[in-house]
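Structural characterization, general
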Amino acid sequence: ATAISRETNRRFFLKFIEYGSSVLYKKYVLDLSLNGMVAKHERLFNLAGFNGCIGSTDATHIGMLNCAAWAHILHKGFKLCIPSRTYNMMV
């Protein structure tokens, strides 16, 4: 366990989600449909034989070393032997 209370962790998580979905999203997520880049990316994939594609997706698994015991089983995936979060990205 950690010295951080459940309530403090809950409040931090809610603030982090709010910050991530507003500030970080605007800073790091590129909406290709807004600047006409979809057609350019689709042409590149067409040249490679992937007709209709506009990107490639992948995921990364981040292990949680201090997962609460009550949440341990809910966050254990098949890739890691410890609880983890999976983040999907498209490039």
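Note that the coordinates shown come from a computational prediction; the quantities given were computed from them, not determined experimentally.

Quick word on a nonpolar patch on the surface
On the surface, Phe 12, Phe 13, Leu 14, Phe 16 and Ile 17 cluster together into a nonpolar patch covering about 520 Å² of accessible area. Mapping Leu 14 onto the fold places it in helix 1 (residues 6-28). According to the relative accessible area criterion, Leu 14 is partly exposed, its value standing at 48%.

Considering the pattern of salt bridges
When their charged atoms lie close together, side chains carrying opposite charge are able to pair. Considering all chains together, one arrives at one salt bridge under this definition. Here Arg 10 ties to Glu 7 by a salt bridge, and the two come within 2.7 Å at their closest N and O atoms. Placement of the pair is Arg 10 and Glu 7 together in helix 1, with a separation of three residues, close to one helical turn. The class for Arg 10 is partly exposed, based on a relative accessible area of 44%.

Describing the side chain of Ser 84
Considering the arrangement of structural elements, one finds Ser 84 in strand 2 (residues 84-90). With a relative accessible area of 11%, Ser 84 lands in the buried category.

Digging into the packing of aromatic side chains
Within this structure, the stated rule accounts for one aromatic pair. Aromatic pair Phe 12 and Phe 16: ring centres 6.0 Å apart, planes at 25°, arrangement stacked. In this pair, Phe 12 and Phe 16 both sit in helix 1, four residues apart, roughly one turn of the helix. The class for Phe 16 is partly exposed, based on a relative accessible area of 43%.

Overview of the environment of Leu 74
By the element assignment, Leu 74 lies in the loop between strand 1 (57-63) and strand 2. Judged by relative accessible area, which is 65%, Leu 74 ranks as exposed. Note: C-alpha distance between Leu 74 and Ser 84 (10 residues apart in sequence) is 9.6 Å.

Quick word on the confidence of the model for the protein
Per-residue pLDDT for the protein has a mean of 83; in total, 96% of the residues score no lower than 70. Across the protein, the element-wise mean pLDDT spans from 81 in strand 2 up to 88 in helix 1.

Looking at the environment of Phe 45
Locating Phe 45 in the fold gives a position in helix 2 (residues 37-47). Residue classification places Phe 45 among the partly exposed residues on the basis of a relative accessible area of 21%. In the structure, Phe 45 is positioned 36 residues away from Cys 81 in sequence and 36 Å away in space, judged by C-alpha atoms. Leaving out residues up to four positions away in the same chain, Phe 45 has contacts with Phe 50, Asn 51, Cys 53, Ile 54, Gly 55 and Ser 56.

About the thresholds
Residue positions are given per chain, counted from 1 along the sequence in the order it is written. Reporting of local features is limited, given that this is a predicted model, to residues whose pLDDT is at least 70; pairs of side-chain atoms are given and counted only at 80 or more, and all residues count toward the totals for whole chains, interfaces and linings. Here the side-chain values reflect all heavy atoms present in the structure, with hydrogen atoms and water set aside. Each patch is assembled from residues with relative accessible area greater than 30% and no salt bridge, linking like charges that lie within 9 Å and nonpolar side chains (Val, Leu, Ile, Met, Phe, Trp, Tyr) that lie within 5 Å. Residue burial considers only the protein chains on display, and all accessible areas are found by Shrake-Rupley using a 1.4 Å probe. What counts as a salt bridge is simple: a side-chain nitrogen of Lys or Arg found within 4 Å of a carboxyl oxygen of Asp or Glu. The numbering of helices and of strands both runs from the N terminus, where a helix is a DSSP run of H or I of at least 4 residues and a strand a run of E of at least 2. Burial classes: relative accessible area under 20% of the type maximum marks a residue as buried, over 50% as exposed, and values in between as partly exposed (1.4 Å probe, protein chains only). The criterion for an aromatic pair is that two Phe, Tyr or Trp rings (for Trp, the six-membered ring) have centres within 6.5 Å, with stacked assigned to planes under 30 degrees apart, edge-to-face to planes over 60 apart and tilted to the rest. The predictor attaches a confidence to each residue, called pLDDT, with possible values from 0 through 100. Throughout, a contact is declared for two residues whenever any of their heavy atoms are within 4.5 Å.

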